[in-house]
Amino acid sequence: MNLSHSFIIEPEAALEKQWDVIIIGSGMGGASAAYQLTKQNKKVLLIEKGLANFGLFKGVETEESDPQERLNSGKWPTKITACINDRKSDIWAPLGCGAGGSSLLYAAALQRLRPEDLMEQTLPDGSIIKWPFDYEELAPYYQQAETLFSVCGTTDPLESGEPSTLLPPPAMCDVDQHFFQQFQAVGLHPHRLHVGIKYDNPCAECGGHICQKSCKQDANNACLQPALLTGNLSLIEAAEVLRLNARPDQITSITIKHKDNEYELAASIFVLAAGAYFSPVILQNSKNNDWPDGLANKSGMVGRNLMFHASDFIALWPKHKLSRQGPKKTIALRDYYRFNNRNLGEFQSTGLAAGYGNIVYALRLMFDQSKLKKLSFLRHFLRFPAYIAAKILGEATIYTTIVEDYPYKDNRIVADKNTPSGMRFEYHIHDEFKERVLFFKNIIRKRLSNIKSLPMATGINLNYGHPCGTCKAGEDPADSVLDKNCKAHGLNNLYIADASFMPTSGGTNPSLTIAANALRVADKINKQLHDNR
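Residues numbered from 1 in each chain as written. Predicted model: local features only at pLDDT ≥ 70, side-chain atom pairs only at ≥ 80, totals over all residues. Heavy atoms only, no water.

### Some details on the overall build of the protein chain
Secondary structure summary: the protein chain contains 11 helices and 23 strands in total. Looking at the protein chain as a whole, 59% of its 533 residues are labelled buried. The contacts of the protein chain with a sequence gap of at least 6 include a subset with a gap of at least 24, amounting to 73%. Of the roughly 20,800 Å² that the protein chain leaves accessible, carbon and sulfur atoms contribute 51%. (Helix = DSSP H or I, 4+ residues; strand = E, 2+ residues; numbered from the N terminus. Buried < 20%, exposed > 50% of the residue type's maximum accessible area, 1.4 Å probe, protein only. Contact = heavy atoms within 4.5 Å. Areas by Shrake-Rupley, 256 points an atom, 1.4 Å probe, with all protein chains shown as cover.)

### Comments concerning the environment of Cys211
In this fold, Cys211 is placed in the loop between strand E7 (191-192) and helix H6 (219-228). The sequence separation of Cys211 and Tyr106 amounts to 105 residues, and the corresponding C-alpha distance is 9.9 Å.

### Focus on the packing of helix H2 (residues 28-39) against H6
Across the interface, H2 lies against H6 with an axial gap of 8 Å and an inter-helix angle of 25 degrees. Of the possible angle classes, the one that applies to H2 and H6 is roughly parallel. Here the hand of the crossing between H2 and H6 comes out left-handed. Listed contacts from H6 to Met28, Ala31, Ser32, Ala34, Tyr35, Thr38 and Lys39 of H2 are Ala219, Ala222, Cys223, Leu224, Pro226 and Ala227. Its residues placed into classes, the contact of H2 with H6 shows 10 nonpolar, two polar and one charged. (Axes fitted to C-alpha atoms, helices over the stretch in contact; angles between N-to-C directions. Parallel < 35°, antiparallel > 145°, perpendicular 65-115°, else oblique. Left-handed = near helix turned anticlockwise from the far one by under 90°. Nonpolar A, V, L, I, M, F, W, Y, C, P; charged D, E, K, R; others polar.)

### Observations concerning the pairing of strand E11 (residues 261-265)
Pairing geometry for strand E10 (residues 250-258) and E11, over five bridges, is antiparallel. For Ile256, the partnering residue across the bridge sits in E11 and is Tyr263. Remark: two residues form the turn of the hairpin made by E10 and E11, two consecutive strands paired antiparallel; Lys259 in that turn has positive phi of roughly 55 degrees. (Pairing = 2+ DSSP bridges.)

### Here's the deal with the packing of aromatic side chains
Aromatic rings considered in pairs are described by the distance between their centres and by the relative angle of their planes. According to the stated counting rule, one finds 20 aromatic pairs in the structure shown. An aromatic cluster is defined as three or more aromatic residues linked by ring pairs; in this entry it consists of Trp76, Tyr277, Phe278, Phe308, Phe425, Tyr427 and Tyr464. (Phe/Tyr/Trp six-rings, centres within 6.5 Å; stacked < 30°, edge-to-face > 60°.)

### Some remarks on the nonpolar core
Within the largest apolar cluster, 106 residues are counted, with the highest numbers of intra-cluster contacts made by Ile23, Ile47, Phe149 and Leu244. With 10 residues, helix H11 (residues 511-532) is the largest single contributor of residues to this core. The contacts of Ile23, once residues within four sequence positions are left out, are Gly30, Ala33, Ala34, Leu37, Val44, Leu45, Leu46, Ile47, Val271 and Ala273. Counting residues in hydrophobic clusters, the runner-up holds 49 residues, among them Ile91, Leu104, Phe308 and Leu462. (Core = buried A, V, L, I, M, F, W, Y, C linked by side-chain atoms within 4.5 Å.)

### Here we look at the state of the cysteines
Tallied over the full model, the rule gives zero disulfides. Free of any disulfide, Cys203 has its nearest neighbouring cysteine sulfur in Cys215, separated by 3.7 Å. On the basis of relative accessibility, which here comes to 16%, the residue Cys203 falls in the buried class. (Disulfide = S-S within 2.5 Å.)

### Points about the sheet that holds E10
In space, the three strands of this open sheet follow the order E9-E10-E11, with antiparallel pairing throughout. This sheet does not close on itself; its edge strands, each paired only once, are strand E9 (240-247) and E11. Averaged over neighbouring strand pairs, the angle between their axes works out to 25 degrees when direction is ignored.

### Some thoughts on the pattern of salt bridges
A side chain with one charge may pair with a side chain of the opposite charge, provided their charged atoms come close. Scanning all chains against the criterion turns up 22 salt bridges. Between Arg243 and Glu262 there is a salt bridge, with its nearest N and O atoms 4.0 Å apart. Separated by 19 residues along the polypeptide, Arg243 in strand E9 and Glu262 in strand E11 bring together distant segments of the chain. You can call Arg243 partly exposed: its relative accessible area is 31%. In this structure, Arg424 and Asp416 form a salt bridge, with 3.0 Å as the shortest nitrogen-oxygen distance. The class of Asp416 is buried, set by a relative accessible area of 13%. The network of salt bridges with shared partners includes Arg114, Glu116, Asp117, Glu159, Arg334, Arg338 and Glu346. (Salt bridge = Lys/Arg side-chain N within 4 Å of Asp/Glu carboxyl O.)

Structure follows, in structure tokens:
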């Protein structure tokens, strides 16, 4: 669903209004915060790099190099520069851009973290990490987010005490029902994956591209559309935030670039929600005499502690041919979320079959990160092994692991104007991460040995769509960027409401946690605005 043009304003019009809150970014965090604040009658201005309305509806497996075409289909317009184990490459990351952010492209898996994810943990390097608030504080916002995003599913039988606000899911397709029963037969505890989808019949689930029917509850459909109805929300599209302007303890304005012109916009409170890749870049680009290393960066932690998840895609064959009609992103297992003193994660269905498009996309991604990338002419020929693999895999269904990553200070985001997106990330794959990823892969394969399966990739496959942790929240200003309310240390009117805040990644998709925390942060902002009046 596209946004009404009456709510899209030009910067000149924004200069004439008084704003309670300016939010930078309209993805899962920014849109959820905007929803909560506009419902509380606050005047909110969203600054969005992408578009509010879209033309094309291409899947992420389609590589389109033209930036405008990518923006038209809700994709990030340029490549992201990655430096992994000191090997540099430019990649097409699965990032959205536009009103709704990356949720425009997501597959709508909305699972909660477990309560123990927020408890104190000792990492393999001996460091101690703990969230600055507990699960009990986040739980009511999880419930709000599940209602807001119309999340359906069933309760994990291993977590039966958890209060549920889930909607009943429709019947899964026959092949997924077959796998569900196969998992139960070997003593596993599958449950219906929690997804934010209103299943209109027929429903394609729309993982990887914008939903044209609005049944996938992305941040646009679930948050921005109802927020617009309040009359309290406006949006500037196609705007680049150049910097935040600050005094020693307060943000005074932001500088944006729009159609080759620069504008300064003011508000009472500012919220960064540009994502874990780009929120730290904006802070790093906002240096001044009082903040020589970038805003909120007296600890030196802005951009550090970058985490992803590792995801191994595994093709599973049913024992006989079955129908795929109906919901296909349906199954999750948490039997090995924590196992043998290791933090592992989830095993879940992707909703995808092992078709040509999915395979060629995976091969190209691996090629771009390999030593062979210099032989660019070879990339064109990847379609041949992809075609052969698709024929061999045939009726296989793709499942994936999601393995928790840990925060390490040497994994970081760096502002770099010489790269396509104005940033690069530097990431070292630690040995303990390799060990946990391999352990999880092997234990899943052994447990499912009665099912024909085939791993679809080798090595450590980082999920570039799940960045988090780059402006972590913590109790100690010397070792964190944000306080427990996700307000920047040392700045009394700057908050962050995206995945940057997360001290740990947990073992599941971060989307629901981003939304729940953004609702929580919005309530803190509303209280501050009330107290300041």
